Amino acid sequence: MKHWTVVLAAATLAACVAAPVAQFEPRYFHDALFAAPGERIAAADVFALSPEMQRHVDAEIATRAGKRGRQLALVDALFTKGELKLEYDSAMTRNAAQAFAARSGNCLSLVVMTAAFAKALDLPVEYQKVYVDDALSRAGDIYLSIGHVNLTLGRRKTDDGGFGYRVGKKPPESEGMTIDFLPPDDMRAQRATPIGEDVIVAMYMNNRAVEALARGNVDDAYWWAREAVVQSPGFLAAYNTLAVVYRRHGNAREAEPVLRHVLEREPANTQAMSNLVVVLADLGRTDESQRLAAALKQIDPEPPFSHFNRGLAALRADDLAAAKSAFRTEIARAPD
């Protein structure tokens, strides 16, 4: 079985590190190959407040901000028992309004929802990619590598040079308050890199593309991945997903230049290399595929799920002892 590697950004991997501003190249898009999307795909929806969210801002958060400061008022709303009662849910990536309605989401969904509230409170927002051990998952023959993001709430600088509110006694507000939705067991000091809001939007679009692909909805997956590239052309994970969509749709020739684009910018990108190995084989260029596979093995001799796949092969060969050994090794390496 050929396995594809896509990057699910709950957050994402190294591709979200700050890079020079890039322009997307329409030559990588092939709209005529795909049916129109079955749902609205618009960047404006990512942070849009629903009427229910706006009422919550007006009735709950803003009324507390005068005494607590906007940052603490928002934190209270997010984490205080009896308020939003948020739950971590990795099943799907939601926009701000959807996460609020469900009162749950993965870390990207919750970051987006928090940022939407912060914008309504006129709080500056900064985003960070957090360097944690990326979680690994599978959806059929699609492998998912899941990273992490958080956000920092700042203070708006007023015209008189101060921070916070202009009149009366200023409520307490720090110059930066970081909010993180890692599960409690994973909360610890981590290194982080600032990323732009365009990357956050692209991460959201990329996640939706991967989720559509996992459901078998290749047409919607294309339009989500395409929009991710449009929103942040330097976010290489979206190109990788776009190439996976092309190949899954039977368009290996269209997939190859997209993967080459990624590897021109990140020559050691193992996700793109792994996918290109399969594309070259599809195109009948066996020697090229094998050479690239050998180079990939030098960079990543034990890729994710390699022991798991050996265990499956051993099961098919009725070698139960070897299968058990391989599965034990995979569990020891990635117990989650």
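Keep in mind the model is a prediction, meaning the values are calculated, not measured.

1. Description of the packing of helix 5 (residues 197-214) against helix 7 (residues 236-248)
Running from amino to carboxyl end, helix 5 crosses helix 7 at an angle of 25°, the nearest separation of the two axes being 10 Å. Taken together, the axes of helix 5 and helix 7 lie roughly parallel to each other. Classified by chirality, the crossing of helix 7 by helix 5 is left-handed. Only Ala-237, Ala-238, Thr-241, Val-244, Val-245 and Arg-248 of helix 7 make contact with helix 5, whose side of the interface consists of Asn-206, Ala-209, Val-210 and Leu-213. For the contact of helix 5 with helix 7, the class distribution of residues is seven nonpolar, two polar and one charged.

2. Let's talk about the confidence of the model for the protein chain
Low pLDDT means the predicted atomic positions in that stretch should not be read closely. When pLDDT is averaged along the protein chain, the result is 81; 75% of the residues meet or exceed 70. When the criterion is pLDDT under 50, residues 1-20 qualifies, and its contacts beyond four places in sequence or with other chains add up to 93 contacts. In the predicted structure, residues 158-169 sits below a pLDDT of 50 and forms 19 contacts with residues beyond four places in sequence or in another chain.

3. As for the packing of aromatic side chains
Taken as a whole, this structure holds seven aromatic pairs when the rule is applied. Taking 6.0 Å as the distance between ring centres and 40° as the angle between the ring planes, the aromatic pair formed by Phe-34 and Tyr-246 counts as tilted. With a gap of 212 residues between them, Phe-34 in the loop between strand 1 (4-8) and helix 1 (51-68) and Tyr-246 in helix 7 connect regions that are remote in the sequence. A relative accessible area of 0% places Tyr-246 in the buried class. Ring geometry for Tyr-222 against Tyr-246: centres 5.9 Å apart, planes inclined by 45°, an arrangement best described as tilted. Here Tyr-222 is found in helix 6 (residues 218-231), whereas its partner Tyr-246 is found in helix 7, with 24 residues between them in sequence. As far as burial versus exposure is concerned, Tyr-222 and Tyr-246 are alike and both buried. Through a chain of ring-to-ring contacts, the aromatic side chains of Phe-34, Tyr-222, Trp-223 and Tyr-246 assemble into a single cluster. Over the ring of Phe-100 we find Arg-103; its NZ or CZ atom is 4.0 Å from the centre of that ring. Above the ring of Phe-47, the side-chain terminus of Lys-119 is found at 5.0 Å from the ring centroid.

4. What to know about unusual backbone geometry
Here Arg-103, not a glycine, exhibits a phi torsion of approximately 55°, which is positive. With respect to the helices, strands and loops of the structure, Arg-103 is situated in the loop between helix 3 (96-102) and strand 3 (104-105). You can call Arg-103 partly exposed: its relative accessible area is 23%. Unlike most non-glycine residues, Asp-122 shows phi in positive territory, near 60°. Tracing the backbone shows Asp-122 in the loop between helix 4 (107-120) and strand 4 (125-130). We classify Asp-122 as partly exposed; its relative accessible area is 41%.

The rules behind each value
Residues numbered from 1 in each chain as written. Predicted model: local features only at pLDDT ≥ 70, side-chain atom pairs only at ≥ 80, totals over all residues. Heavy atoms only, no water. Axes fitted to C-alpha atoms, helices over the stretch in contact; angles between N-to-C directions. Helix = DSSP H or I, 4+ residues; strand = E, 2+ residues; numbered from the N terminus. Parallel < 35°, antiparallel > 145°, perpendicular 65-115°, else oblique. Left-handed = near helix turned anticlockwise from the far one by under 90°. Contact = heavy atoms within 4.5 Å. Nonpolar A, V, L, I, M, F, W, Y, C, P; charged D, E, K, R; others polar. pLDDT = per-residue confidence, 0-100. Phe/Tyr/Trp six-rings, centres within 6.5 Å; stacked < 30°, edge-to-face > 60°. Buried < 20%, exposed > 50% of the residue type's maximum accessible area, 1.4 Å probe, protein only. Lys NZ or Arg CZ within 6 Å of the ring centre and 35° of its normal.

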